[in-house]
Amino acid sequence: MPDPEFYRPHAPLTDLAESSASQTALLPWLTLALLWQKAWKKTWQKGEHPWLDLKPGATDSQRLIDVLPGIVFQADGDAGWSMRYLSAGCYALTGYPPEDLLGSSKVISYNDITHPDDLSRVLATIQQAIDGGQPYEVEYRIKTRSGQEKWVWEKGSLILGVEGAINGIEGFITDITPLKQSEAALHLSELSLQLAESKYRNMFENAVEGMFQSTPGGRYLTVNPMLARLYGYDSTADLMHNLTDINHQLYVQPGRRQEFAQLIQASGAVLGFESEVYRKDGSVIWISESARAFFDNHQQLVGYEGTVEDISDRKRGEAAILRRDRMLLGVAEASQCLLTAADVHQAVPQVLACLGEAATADRVYVYTHHLQSVTGEPAMTMCYEWTTPNTAPGIDQPYWQDQSYRALGLERWLPLLEQGQSICSLTRHFPPGEQAVLLRDGILSILMVPIFIDAQLWGYIGFDACEQEWEWNASDESILVAVAASLGGALKRQRTEAQMCYQVYHDTLTGLPNRAFFDQQLPQAIARTRQSDQQLAVIFLDLDNFKTINDTLSHAVGDLLLQQVTQRIGIALRAEDIVARWGGDEFTLILPNLADPSDAAKIAHRIADQLTPPFLLQNHELHVTASLGIAIFPEDGQDMTTLLQNADVAMYRAKQQGRNNYQFYTQSLSTEAAQRLTMESYLHHALGRDEFTLYYQPQVNVDTGEIVQMEALLRWQHPTLGLVAPQQFIPLAEENGLIVPIGEWVLYTACAQVMTWHQEGLPLVKLAVNLSARQLQHPNLVGMVAQVLAETGLPATHLELEITETAAMADMAASIERLRELRHLGVKISMDDFGTGYSCLSYLKQFPLDGIKIDRAFVIDLPHSAADQAMVTAIIAMARGLALSVVAEGVETAEQNCCLHHLGCSEMQGFLFGRPQPAAVAAAYLSPVSPCLQPGAAAG
């Protein structure tokens, strides 16, 4: 019976012979053995046992059996079919001599060397054959003496005795191990072939790549399921039924199939042949084909076979990389443009063009973020735009100009942009209201990123897709963010440069153009005026007494004053006029397009009018005037330097004329300016060189004829210039600040002189000393006066300090406070030159005064001027009403004396009573002689 481990059909013995050369040699011997078997069988049935009686070498037949390549056997009919006879071939086959395996009483029997797993099957096969009265064949394994396992084939038949009794079995056993090995190898090969076929079929059916065989004409012979799925078909049958013309139905690009065939024809195969192909639904994908040609036995081309891979993702990735590289190049060009452009706003259109072409956008734009011009709500305005030729511009549409987010329905966008987030989506994914806004310009998708300057939202830059929907990716966004950062940096740089330029050419305190700006503009204005028939004026403006305010009230108050003065000057100017801060309290002006010099005078008047109202600063009420010098081009100079110099000279003339006025330049002023410069230089050394001296002039009570007070008057005795009058150097000292130490010297010297006179036996007379505006505003004035009085010993009640209205009104609050402190010391306060300053009674009553001095301007024509008489009468009446003493200055004639006395003024000062004299001469005024015979009176 067949072994279950092999598939082997029953074959005649000749099959065995074909399988092995040894089996072929066995056939004649086997045939002979079978013939002998028949003879032996007959002998056995007769009760004869010829084999049992054979002796070695007994017969030729026996020798012939012994040399057979196998075993001729006889077995008893017992239960185990114990061997009765084994031919000599037993040894060659099993390794055992025949006698070792005969019978069942031996240590080892033939059944013992039969493989245990096969023995029962062998016995069952024999029994089945016997039961059927048939010969049997069986294959089984034996274990040789050396331990080798062999396959044997046993063929046997029954030995019947008298009356059909079974006496045993006999037959032939031969070695079929080589045959079995061949069968096993063949079976293994068949299994391998089946496995390979199954594996190939499995790979074909489940491959991750499409696989195909196609005819040269373009029809598929075989496809796998993956190819069907790849091309979008439901099954391989669906694909092969519907896709019948590869050339025209599959490839997007015409002629691609021919290129495929030509490449294979040239080299026998093609690798990585990339093409765009249509899927069943009409969509397009990219594939890569690798294929070869295959031929029949006559070397005729049968078709092509190969694989197909979907490379759409890779192609998209490559396209994305190419697009990204293109975008990066566009960004680099845009950044370079922004870095090198002198004006960022002129460079932005070029930047948008670079980005639009690189990003294949239909529209690129920049919006500014600002407050709506009417409502003040957050709003946007499109200020730059680039579009493709097929895209309608939106920058001219009113709904993108100065529109609030609320009005546009885009309130949601603002907080996102302020937080640095992007607006990126297909339009159809936006809320309906936002869709409506975008679709007005045909926008199908949008990418917008914010632009910041110093963390403040400046605006936004964005891409629009209008031709077809485009999903902007993270790379697009990051690149646009980089551009927005570059644009923000460029805008900041330009803003910084503008600020730096502004700072270079503008004054930080007042915001006015500075000296550098003025120096640039004046030559240009001169050049323009040369080409016209008009004139140009240059004005030098200096604030009167500003240094006093700045030094006494602090620089902070001075700065506030300059800022307000700047605003008022600007109100007085025309649109084309330029005013610059020259430095400190000095300003320069360019007045172009003048028809006549009088036009400059009109502007000077307007400036004076603007400065007239008081300035209220930190509880201080300040009155400020200005001195202006005017030079006209071309009469007063042909170049900038000359015009400025001459305007400066004219300005100093205005100061000499009492300030608060303007003066035109004249040629004579240049000489005066040179003299003034020399004098100012000398003045700096006068105090140190002891060049100052004091003159004294008496104040007389005409009713009693007594000297009620001596006024100390400063003189400058220069070794070269001679005796310099006060009106020549006092304004200079006031301007450069020398008046403070000079004033202290005057007070100390005068007080000491009065005490010297008293020590010499003269009456202790009262002393009057003038205070300048700068002295009055000096914070240490009261301390200085107290120290001088203490050091000289002059009683405070014998000192009267004279101030002018102008000085007192420079800072009324500070002046009142300081005068009160002086009066607290016991010092008297009088107002000098009354009537020539502000003469405001509401101000006057607030000052802590003891007396007033009527200015000489009212005395000169007093006997003949009803107006002057009315003024003096009013002044005297006012003084009496305020309990103030009255002194008239500049009395030089008896008529003036009589008129003043008649009007009620008893105290007077002037040449009529005595000229100012040095101390040694002035002492005579204090001698006890007749008042009408004072020294110098005759000269008056």
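Residues numbered from 1 in each chain as written. Predicted model: local features only at pLDDT ≥ 70, side-chain atom pairs only at ≥ 80, totals over all residues. Heavy atoms only, no water.

*Asks:* Would you mind going over the overall build of the chain with me for this structure?
*Replies:* Scanning the chain from N- to C-terminus turns up 35 helices and 33 strands. Expressed as a percentage of the 940 residues in the chain, the buried residues total 48%. Put simply, 59% of the contacts in the chain that link residues at least 6 apart link residues at least 24 apart. Accessible area for the chain stands at about 44700 Å²; split by element, carbon and sulfur atoms hold 54% of it. (Helix = DSSP H or I, 4+ residues; strand = E, 2+ residues; numbered from the N terminus. Buried < 20%, exposed > 50% of the residue type's maximum accessible area, 1.4 Å probe, protein only. Contact = heavy atoms within 4.5 Å. Areas by Shrake-Rupley, 256 points an atom, 1.4 Å probe, with all protein chains shown as cover.)

*Asks:* Can you help me understand unusual backbone geometry in this one?
*Replies:* What you tend to see is this: most non-glycine residues have negative phi, and most peptide bonds are trans. Of note, the amide linkage connecting F633 to P634 takes the cis form, showing an omega dihedral of 10°. One non-glycine residue, A455, lies in positive phi territory at about 65°. Mapped onto the fold, A455 is located in the loop between strand 15 (445-453) and strand 16 (456-465). The backbone phi angle of D690 is positive, close to 55°, even though this residue is not glycine. Mapped onto the elements of the fold, D690 is located in the loop between helix 25 (667-686) and strand 24 (692-701).

*Asks:* Mind showing me how you'd approach helix 21 (residues 546-553) here?
*Replies:* Three- or four-residue spacings in an α-helix give side chains the same orientation, since the helix completes a turn every 3.6 residues. Burial within helix 21 is extensive, with 6 of its 8 residues counted as buried. Among all positions of helix 21, only F546, T548, I549, N550, T552 and L553 are buried. Along its buried surface, helix 21 packs onto strand 17 (535-543), helix 22 (555-572), strand 21 (620-622), helix 26 (726-736), helix 28 (773-777) and helix 31 (812-825). Positioned one or two residues after helix 21, S554 has a phi angle of 95°, which is positive.

*Asks:* Where do I start with the sheet that holds strand 11 (residues 363-371) in this structure?
*Replies:* Backbone hydrogen bonds are what pair the strands of a sheet, in a parallel or an antiparallel way. Ordered by their spatial adjacency, 6 strands build an open sheet running 13-12-11-16-15-14, and the pairing between neighbours is antiparallel. Single-partner strands in this sheet number two, and they are strand 13 (403-404) and strand 14 (423-426). As judged from the 6 bridges shared by strand 11 and strand 16, these two strands associate in the antiparallel manner. Pairing of R363 across the sheet is with D464, part of strand 16. (Pairing = 2+ DSSP bridges.)

*Asks:* What am I meant to see in the side chain of Q909 here?
*Replies:* Looking at the secondary structure, you find Q909 in the loop between strand 32 (907-908) and strand 33 (917-918). On the accessibility criterion, Q909 (4% relative accessible area) is buried. Once residues lying within four places of it in the same chain are set aside, the contact partners of Q909 are Q697, P698, Q699, E711, K853, V887, A888, E889, G890 and V891.

*Asks:* What am I meant to see in the confidence of the model for the chain here?
*Replies:* Low-pLDDT portions of the prediction should not be read for the details of their coordinates. Summing up the model confidence of the chain, the mean pLDDT is 85 and the portion of residues at 70 or higher is 89%. Across residues 1-57, where pLDDT falls below 50, the model places 69 contacts with residues more than four positions away in sequence or in other chains. Within the model, pLDDT remains below 50 along residues 930-940, and this stretch shows 21 contacts once partners closer than five positions in the same chain are excluded. (pLDDT = per-residue confidence, 0-100.)

*Asks:* Would you explain the packing of aromatic side chains in this entry?
*Replies:* Any two aromatic rings considered together are summarised by their centre-to-centre distance and by the angle between their planes. Scanning the model with the defined rule gives 19 aromatic pairs in all. Taking the centre distance of 6.1 Å and the plane angle of 85° together, the rings of Y662 and F664 count as edge-to-face. Ring pairing ties together the aromatic residues Y365, Y367, Y399, W400, Y405 and Y460, which thus form one cluster. A cation sits over an aromatic face here: K315 above W286, 4.4 Å from the ring centre. The lysine or arginine in question, R715, covers the ring of Y695, its NZ or CZ lying 5.3 Å from the ring centre. (Phe/Tyr/Trp six-rings, centres within 6.5 Å; stacked < 30°, edge-to-face > 60°. Lys NZ or Arg CZ within 6 Å of the ring centre and 35° of its normal.)

*Asks:* What's the story with the packing of helix 21 against helix 22 in this structure? I'm lost.
*Replies:* The N-to-C vectors of helix 21 and helix 22 enclose an angle of 140°; their axes lie 6 Å apart at closest approach. With respect to helix 22, the element helix 21 is oriented oblique. Where helix 21 abuts helix 22, its residues F546, I549, N550 and L553 lie against H555, V557, G558, L561 and L562. Its residues assigned to classes, the contact of helix 21 with helix 22 shows 6 nonpolar, 3 polar and no charged. (Axes fitted to C-alpha atoms, helices over the stretch in contact; angles between N-to-C directions. Parallel < 35°, antiparallel > 145°, perpendicular 65-115°, else oblique. Nonpolar A, V, L, I, M, F, W, Y, C, P; charged D, E, K, R; others polar.)

*Asks:* Got a minute to help me understand the pattern of salt bridges in this structure?
*Replies:* Pairing is possible between side chains of opposite charge, provided their charged atoms come close. According to the stated counting rule, one finds 32 salt bridges in the structure shown. Between R121 and D118 there is a salt bridge whose closest N-O contact spans 3.5 Å. Pair noted here: R121 and D118 are both in helix 8 (residues 116-132), with a separation of 3 residues, about one helical turn. Where E711 meets K853, a salt bridge forms, and the shortest distance between an N and an O atom there is 3.1 Å. Highlighted residues: E711 in strand 25 (residues 706-718) and K853 in strand 30 (residues 851-854), separated in sequence by 142 residues. Judged on exposure class, the residue E711 and its partner K853 are both buried. (Salt bridge = Lys/Arg side-chain N within 4 Å of Asp/Glu carboxyl O.)

*Asks:* Help me understand the side chain of Q372, please; the structure alone is not making it clear to me.
*Replies:* Topologically, Q372 is positioned in the loop between strand 11 and strand 12 (378-387). Only 3.2 Å separates the side chain of Q372 from the backbone oxygen of D402, close enough to count as a polar contact. Non-local contacts of Q372, meaning those with residues more than four positions away in its chain, are made with E377, A379, D402 and S404. (Polar contact = N/O pair within 3.5 Å; in protein donor to acceptor, adjacent residues only side chain to side chain.)

*Asks:* Help me understand the packing of helix 15 (residues 344-359) against helix 19 (residues 474-505) in this model?
*Replies:* The description of two helices packed together rests on the angle between their axes and the distance between the axes. Where helix 15 contacts helix 19, the axes come no closer than 11 Å and their chain directions differ by 170°. With respect to helix 19, the element helix 15 is oriented roughly antiparallel. Where helix 15 approaches helix 19, its residues V344, H345, V348, V351 and L355 are matched on the opposing element by L480, V483, L487, A490, L491, R493 and Q494. In terms of residue class, the contact of helix 15 with helix 19 is made up of 9 nonpolar, 2 polar and 1 charged.

*Asks:* How do you make sense of the pairing of strand 10 (residues 301-310) when you look at a structure like this?
*Replies:* Each regular strand shows side chains that alternate between the opposite faces of the sheet. With 5 bridges connecting them, strand 6 (residues 210-214) and strand 10 associate as antiparallel partners. Across the sheet, G210 pairs through a bridge with V308, a residue of strand 10. Note: strand 9 (residues 284-295) against strand 10, 9 bridges, orientation antiparallel. The partner of E289 across the bridge, within strand 10, is V308. The loop that links strand 9 with its antiparallel partner strand 10 comprises 5 residues; one of these, Q299, has a positive phi angle of about 60°.

*Asks:* What is the right way to read the pairing of strand 28 (residues 799-804) from this model?
*Replies:* With 5 of its 6 residues buried, strand 28 lies for the most part within the structure. Pairing analysis gives 4 bridges linking strand 27 (residues 766-770) to strand 28, with the strands arranged parallel. Bridge pairing in strand 28 places N770 opposite E802. Pairing analysis gives 5 bridges linking strand 28 to strand 29 (residues 828-834), with the strands arranged parallel. Residue pairing across strands places E800 opposite K828, the latter belonging to strand 29.

*Asks:* Please explain empty space enclosed by the protein as it appears in this structure.
*Replies:* Once rolled over the atoms, a probe with the size of a water molecule shows which space is left empty. Applying the stated rule across the entire model yields 8 cavities of 30 Å³ or more. Considered as a void within the structure, the second largest cavity measures approximately 90 Å³ in volume. Lining the second largest cavity are 16 residues; nearest its centre among them are Y110, N111, V122, I126 and E154. For the lining of the second largest cavity, the secondary structure elements donating two or more residues are strand 1 (71-76), helix 7 (110-113), helix 8 and strand 3 (136-143). Examining the composition of the lining of the second largest cavity, we find that 4 residues originate from one element, helix 8, more than from any other. In the lining of the second largest cavity, the residues fall into 12 nonpolar, 3 polar and 1 charged. (1 Å grid on protein atoms, 1.4 Å probe; cavity = no way out; pocket = protein on both sides within 12 Å on 5 of 7 lines; lining within 4 Å. Points joined across faces, edges and corners; volume = space filled by probe spheres on them.)

*Asks:* How do you make sense of helix 15 when you look at a structure like this?
*Replies:* The end-to-end C-alpha separation of helix 15 is 22 Å, in line with the 22 Å expected for 16 residues at 1.5 Å each. Within helix 15, the full set of buried residues consists of V344, A347, V348, V351, L352, A353, C354, L355, G356, A358 and A359. On its buried face, helix 15 sits against helix 14 (312-340), strand 11, strand 12, strand 16 and helix 19. Just downstream of helix 15 lies T360, where phi reads positive at about 50°. (Expected span 1.5 Å × (residues − 1).)

*Asks:* Explain the nonpolar core to me, please; I cannot follow it from the model alone.
*Replies:* A general tendency of soluble globular proteins is for nonpolar side chains to be buried together. One finds Y696, W757, L767, V785, L799, L801 and I852 to be the most contacted residues of the largest nonpolar core, which totals 83 residues. The element best represented in this core is helix 27 (residues 739-759), accounting for 9 residues. The contact partners of W757, leaving out residues within four places of it in the chain, are Y696, M710, L762, A919, A922, A923 and L926. With 35 residues, the next largest nonpolar core counts V348, L355, A490 and L491 among its residues. (Core = buried A, V, L, I, M, F, W, Y, C linked by side-chain atoms within 4.5 Å.)

*Asks:* Looking at this structure, how should I read the environment of A465?
*Replies:* For A465, the position within the fold is in strand 16. Taking relative accessible area as the criterion, A465 reaches 4% and is therefore assigned buried. Sequence separation of A465 and L447 is 18 residues, and the distance between their C-alpha atoms is 8.9 Å. Residues in contact with A465, not counting those within four places in the same chain, are D362, G442, I443, L444, S445, W470 and W472.

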